[in-house]
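# Examining the three-dimensional arrangement
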Amino acid sequence: MDSRRIKLKPEDRSPLAKQLERQIETLIEVGDIVDGETFPTPVELSRELRITRLSVSRAYGELMRRGLLAADERGWQARREN
């Protein structure tokens, strides 16, 4: 996943984790992120977006809970719902 597709808005009152979660979900739904596409680690993405690792971890955790993201020994991958 190319982090340049993520545009967080500081003026948005919602938490950064929620903004990130919504944006990734939308990118998956519209097909800009395809099933199996690899994601950066929370540490890498937090550095790229200049947000806390905790915000990325919260977003990833919620996306995993909802079946849109999976993690294994190869890393993080998108899972598109059918």
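These figures come from a predicted structure and were not determined experimentally.

Looking now at the packing of helix 1 (residues 16-29) against helix 3 (residues 53-65). Contact geometry for helix 1 and helix 3: axes closest at 8 Å, N-to-C directions at 45°. As judged from the angle between their axes, helix 1 and helix 3 are oblique. Here helix 1 and helix 3 pass one another in a crossing that is right-handed. Taking contact as the criterion, the partners of L16, A17, L20, E21, I24 and E25 in helix 1 are, on helix 3, S55, V56, R58, A59, Y60, E62 and L63.

Grouped together as the largest cluster of nonpolar side chains are 19 residues, with contacts concentrated most on L20, I24, I33, F39 and Y60. Dropping the residues within four chain positions of it, F39 is found in contact with M1, I24, I33, Y60, L69, W76, Q77 and A78.

A few words on helix 1. Here helix 1 is 14 residues long and its end C-alpha atoms lie 20 Å apart, about the 20 Å a rise of 1.5 Å per residue gives. Buried residues belonging to helix 1 abut strand 1 (38-39), helix 2 (42-49), helix 3 and strand 3 (75-78). Count one or two residues on from helix 1 and you reach G31, which has phi positive near 90°.

Right, let's get into unusual backbone geometry. Positive phi, normally seen in glycine, also occurs at R50, with a value near 60°. Within the secondary structure layout, R50 lies in the loop between helix 2 and helix 3. Taking relative accessible area as the criterion, R50 reaches 78% and is therefore assigned exposed.

With that settled, consider the sheet that holds strand 3. With antiparallel pairing, the three strands of this open sheet are ordered in space as 1-3-2. Across the chains shown, the open sheet's two edge strands, defined by having one partner strand only, are strand 1 and strand 2 (69-72). Across two bridges, the pairing between strand 1 and strand 3 is antiparallel. Within strand 3, the position partnered with F39 by the bridge is W76. On the sheet, helix 3 packs against strand 1, strand 2 and strand 3 and is oriented at approximately 105° with respect to strand 2.

Glancing now at the packing of aromatic side chains. Counted by the stated rule, this structure contains two aromatic pairs. Relative to W76, the ring of Y60 has its centre 4.8 Å away and its plane inclined at 55°; by these criteria the two rings are tilted. Taken together, the positions of Y60 in helix 3 and W76 in strand 3 put the pair 16 residues apart, joining distant regions of the chain. The exposure classification of Y60 matches that of W76, with both residues buried. Here a set of aromatic residues connected by ring pairs shows up, and it is made of F39, Y60 and W76.

Rules used throughout
Residues numbered from 1 in each chain as written. Predicted model: local features only at pLDDT ≥ 70, side-chain atom pairs only at ≥ 80, totals over all residues. Heavy atoms only, no water. Axes fitted to C-alpha atoms, helices over the stretch in contact; angles between N-to-C directions. Helix = DSSP H or I, 4+ residues; strand = E, 2+ residues; numbered from the N terminus. Parallel < 35°, antiparallel > 145°, perpendicular 65-115°, else oblique. Left-handed = near helix turned anticlockwise from the far one by under 90°. Contact = heavy atoms within 4.5 Å. Core = buried A, V, L, I, M, F, W, Y, C linked by side-chain atoms within 4.5 Å. Buried < 20%, exposed > 50% of the residue type's maximum accessible area, 1.4 Å probe, protein only. Expected span 1.5 Å × (residues − 1). Pairing = 2+ DSSP bridges. Phe/Tyr/Trp six-rings, centres within 6.5 Å; stacked < 30°, edge-to-face > 60°.

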